[in-house]
Amino acid sequence: MSVRNALLGLLEQRPRHGYELRAAFEALIGGEANWNVRPAQVYATLERLTEAGLIRPRSVTKQGGPEKRIYAPTKAGRKHLRAWLAAETEREPQRDEFFIKLMIALATGGAQPRKLIRDQRTALYRRLHSVTTRRQAIDPRTSLAHVLLLDQAVMHLEADLHWLEMIEARLDVVRRQSIPEPQPKRRGRPPRNEPSNGKEN
Amino acid sequence: MPAVSTEQLTKIYGEPNAAVTALDHVSMHVDVGEFVAVMGPSGCGKSTLLHLIGGLDRPTEGRVFLNGSDLSGLDDEAISAVRRRNIGFVFQFYNLLPVLNALENAALPLSLDGVDPAVARQKAGQWLERFDLGNRLGHRPDQLSGGQQQRVAIARALVAEPSLILADEPTGNLDSLASDQIAALLARISSEWGRTVLIVTHDPRIAAQADRILFLKDGKLVDEAVLESKDSRNAEIVADRMRRVGG
């Protein structure tokens, strides 16, 4: 997902200027280590949300201070936010970059598949340790939400490690099978004497 | 012969001009059937030590011996084979496959390795019975409690009969009661069934179940505590030692 809807939601909670908005996002997500959003990205998103008519800026000046632009959602913005909250949250774990890498390595011989698996495993164990360490530094009595977020990261990393074990154990079978290729499609109209996919006209 | 030993084990990460020494000439050993916990402040090198012993990473210097054989003499492929045959990892979450029952989940590593299904089921059943799950073999994960799922997951780590069990913060997500149970189970795996267990933990209550604790700081082995008996005051003793180390 993009940070767009998160930022829109935080503006619905309270109108804010860009700097405050970035700080609010960082606090929500549990720090830069979890999700680092650069200031430029926040300002670009604010611009796009404004152009789309989902938020509206208002200039305020605080007793001699510099002029600041405070943003708040428009009616359309609030409608957009409600629709996003109500919509199904999609996950696409089958869009897996490591899987693609492994298949390309098998297809091209560009890398040793077992080495890819080993390197990936080492990297996952390191990340697992670093996420676990960060989670342990959080007090669940005050920040349970962030503990739960990192628990999810640990679960996914551990599942990835199990998956690598499965691939490693069965790599030879995968290797013996041919790399998936598209099924050749027949061009043109089907011959007249063949049934047309069983469909009745 | 110890189950695991290291000689002057050193790991340096990064480029020479920005190098970080994660592990600094550590020599240690774990005897066969011993339960050892590694503790130390964040960044002390404890996970690096575990990863080097687990064959997940290569040392910059020094050597790792598993059952007397030197891992540094092996190529990556051979290290992978040693790891798969000799080392079982215990994770924090169970990640059991929902469509398989307890027996099938525990047997999975053997099934994947092409072991005869009857043998795989028999071995898995044996571990599940040891873990008091003999009457739950046909239950799927959603029919098991969290603690039972964790025991199935530990059975899965043991089913290929690894000589060494490794765990990096094995109880991170559990409440303290469940943590105590897992720690007690790890202790039984070593005391009753003679498996070697090496864990990294920050939790004195978990470490207190071990036979021996190694304390690391700044990549160096700085202290060691032998816990002769399982005493309820051990956790306090461990916590006190941890404070002295600076954790």
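Residues numbered from 1 in each chain as written. Chains lettered and ligands numbered in written order. Predicted model: local features only at pLDDT ≥ 70, side-chain atom pairs only at ≥ 80, totals over all residues. Heavy atoms only, no water.

S.K.: Which residues make up the overall build of chain B, and what values do they have?
M.R.: Each helix and strand in chain B was counted, giving 8 helices and 10 strands. Projected onto the principal axes, the alpha-carbon positions of chain B cover approximately 55 × 45 × 35 Å. When the 247 residues of chain B are sorted by exposure, 53% land in the buried category. Sequence-distant contacts in chain B: of pairs separated by 6 or more residues, those separated by 24 or more amount to 69%. Carbon and sulfur atoms form 49% of the exposed surface of chain B, whose accessible area is close to 10500 Å². (Helix = DSSP H or I, 4+ residues; strand = E, 2+ residues; numbered from the N terminus. Buried < 20%, exposed > 50% of the residue type's maximum accessible area, 1.4 Å probe, protein only. Contact = heavy atoms within 4.5 Å. Areas by Shrake-Rupley, 256 points an atom, 1.4 Å probe, with all protein chains shown as cover.)

S.K.: Residue-level account of the sheet that holds strand E5 (residues 69–70) of chain B, with values.
M.R.: Residues and elements named next belong to chain B. Reading across from one edge, E2-E1-E4-E5 is the order of the 4 strands in this open sheet, with antiparallel pairing throughout. Two strands bound the open sheet, and with one partner strand each, they are strand E2 (20–30) and E5. Relative to E2, strand E1 (residues 4–13) is paired through 7 bridges, and the arrangement is antiparallel. If you follow tyrosine 13 over to E2, its bridge partner there is valine 20. (Pairing = 2+ DSSP bridges.)

S.K.: Break down the interface of chain A and chain B for me, citing the residues and quoting the values.
M.R.: Taken together, the contacts link 24 residues of chain A with 25 residues of chain B. A combined buried area of about 2400 Å² lies between chain A and chain B, and 53% of that area is made up of carbon and sulfur atoms. At the surface where chain A touches chain B, the tally comes to 8 salt bridges. Residues aspartate 57 of chain B and arginine 126 of chain A are paired through a salt bridge, measuring 2.6 Å at the closest nitrogen-oxygen approach. Our count for the chain A to chain B interface comes out at 16 residue pairs in polar contact (both at pLDDT 80 or more). (Buried area = accessible area lost by both parts, 1.4 Å probe. Salt bridge = Lys/Arg side-chain N within 4 Å of Asp/Glu carboxyl O. Polar contact = N/O pair within 3.5 Å; in protein donor to acceptor, adjacent residues only side chain to side chain.)

S.K.: I'd like to hear about the confidence of the model for chain B, residue by residue, with values.
M.R.: Residue and element names in this part refer to chain B. Confidence in the prediction of chain B, expressed as mean pLDDT, is 90, and 97% of residues score 70 or more. When the elements of chain B are averaged for pLDDT, helix H6 (residues 176–191) gives the smallest value, 84, and strand E3 (residues 35–39) the largest, 96. For this predicted complex, the interface confidence reaches an ipTM of 0.79, while the overall pTM sits at 0.82. (pLDDT = per-residue confidence, 0-100.)

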